Amino acid sequence: MSTVFHVEFDEGARPDALDGFGYTPLLEAAFSETAEAGEVPARVVEEQRDRFRIVRAAEGFGVLEEEAKASGALRREADSASQLPAVGDWVSVRPAEGSLSVILRLLPRTSAFMRKAPGDVRHDRIEAQVIAANVNFAFIVAAAGLDWNPRRVERYVALALAAGTTPVLVIAKSDLAENPASLLAEAARAAPGLRTAMVCAPEGSGLGELSFALERGKTVVLLGSSGAGKSTLLNALAGEDLAGTGEVRVDDQRGRHTTTHRHLYRLGSGALVIDTPGMRELQLWADEEAVGSAFPEIEALAADCRFRDCAHGLEPGCAVRAAVESGELEEGRFASWRKLSREAAYLRTKENHSAKDAERRRWKSIEMSRRSFAKASTRTKNE
Ligand SMILES: Nc1nc2c(ncn2[C@@H]2O[C@H](COP(=O)(O)OP(=O)(O)O)[C@@H](O)[C@H]2O)c(=O)[nH]1
Ligand SMILES: [Mg+2]
Ligand SMILES: [Zn+2]
């Protein structure tokens, strides 16, 4: 899948060729601040096991796509997986003649979509894994029909808000909706205030409602369970078969084309779309504030609780529980809020532990360079 747009031209490398991938003056400023001679800016378009595919300005004119690896120093100095390059990241690269280009540094992220990485249970460590970085919109793709699950939508909304992106709900496979009006009403309860589109990608219906997000240089990530219709949607938006689609069967590997890597594609409109493989079990990585924002009506009700710090458990005078009892607030939604809030709270305590562990390791190290000292004090400041 090496799309190389490479046109020879007698000029130096032009970084503005990357504008079409969302490169901005702000990124250029961040790049120039740290870059040493011979380094160039690039964007990660695919993440493989320990390799990446990146795009960077070609000599002369245009953009080229190539394979790259993270430098040893970058891998060593990363305290957690979230500090390694991910799809959508802007990076500083040293191009190599005849071998792999080397990613030296990440440029600051404007947003990062994270999930809890499969944990290291033995050491009781939990880590965030970046699914996609520098994303403007998250399309939460949920299929109509038997797979429809408002609780899953709520989880994705919280995750998107925590990432600093704007979630958009895409109800896919509208042909499977028995009662589209009631489905839309249910969706509006699960994702209050969100822009929502109901699409049937193979027929092209409803796609126009997504064009507001698909502008040149803007990045969209497609999220949702396996089989929800993400890759089909991407292909319909692109007007060509960019991504493999298909049924998902665990035991049947024969000739099935499904999404295996997260990959950033460029549409004709100039929008950038990151397709992701379905995540079997989406582990939340969000703080309680983001969870709260995903449930604005609960936050509004909470203003009337007798106690300011009411956790809507057994406290007397709880307006939220009263709303559940009166039927004003859906019981399933309240349960969902409670579950996600607890997960976020658990994560916060664990994360603090992990941060302290990391700190301890750092202080123990004999060679305490000025640099790690600066990093440690930044971390303390940010706590
Ligand atoms: N009935 C119906 N099936 C669809 C629609 N969109 C996609 N599919 C099917 O759903 C399956 C999974 O689609 P895919 O795009 O690979 O899902 P992904 O795992 O989210 O990328 C495929 O067999 C598609 O043909 C739709 O609008 N209606
Ligand atoms: Mg797919
Ligand atoms: Zn309460």
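Remember, predicted model here, so these are calculated numbers, not experimental data.

1. Considerations on helix α1 (residues 25-34)
In step 1: Buried within α1 are the following residues: Leu27, Ala30 and Phe31. For α1, the arc enclosing every buried residue in end-on projection is 100°, short of the 170-degree limit, so these residues lie on one face. Facing away from the buried side of α1, by more than 90 degrees, are the exposed residues Pro25, Leu26 and Glu33.

2. Examining the nonpolar core
In step 1: In terms of nonpolar packing, the biggest core is built from 63 residues, with Phe113 and Val291 touching the most fellow members.
In step 2: The greatest single-element share of this core, amounting to seven residues, is contributed by helix α3 (residues 150-163).
In step 3: Not counting chain neighbours up to four residues away, the residues in contact with Val291 comprise Ala158, Leu284, Ala286, Trp337, Leu340, Ser341 and Ala344.

3. Section: the pairing of strand β14 (residues 272-275)
In step 1: What you see with β14 is no split at all: Leu272 and Ile274 on one side and Val273 and Asp275 on the other are buried throughout.
In step 2: Bridge count between strand β12 (residues 219-223) and β14: three bridges; the pairing is parallel. Considered in β14, the bridge of Val220 is made with Val273.
In step 3: Here strand β13 (residues 263-266) runs beside β14; their pairing, made up of four bridges, is antiparallel. Counterpart to His263 in the pairing with β14 is Asp275.

4. Quick look at the pattern of salt bridges
Pairing is possible between side chains of opposite charge, provided their charged atoms come close.
In step 1: Taken as a whole, this structure holds twelve salt bridges when the rule is applied.
In step 2: For the salt bridge of Arg53 with Glu65, the shortest nitrogen-to-oxygen distance reads 2.7 Å. Taken together, the residues Arg53 in strand β3 (residues 52-57) and Glu65 in strand β4 (residues 61-70) connect sequence positions twelve residues apart.
In step 3: Note that Arg56 is salt-bridged to Glu66, the shortest N-O span being 2.7 Å. Of this pair, Arg56 sits in strand β3 while Glu66 sits in strand β4, placing them ten residues apart in sequence.
In step 4: Of the residues examined, Glu66 reaches a relative accessible area of 15% and is grouped as buried.
In step 5: A single network of salt bridges, built from pairs that share partners, joins Arg151, Glu154, Glu297 and Arg333.

So, how was this worked out
Residues numbered from 1 in each chain as written. Chains lettered and ligands numbered in written order. Predicted model: local features only at pLDDT ≥ 70, side-chain atom pairs only at ≥ 80, totals over all residues. Heavy atoms only, no water. Buried < 20%, exposed > 50% of the residue type's maximum accessible area, 1.4 Å probe, protein only. Helix = DSSP H or I, 4+ residues; strand = E, 2+ residues; numbered from the N terminus. Arc of directions from axis to C-beta. Core = buried A, V, L, I, M, F, W, Y, C linked by side-chain atoms within 4.5 Å. Contact = heavy atoms within 4.5 Å. Pairing = 2+ DSSP bridges. Salt bridge = Lys/Arg side-chain N within 4 Å of Asp/Glu carboxyl O.

Any link to function would need more than the numbers given here.
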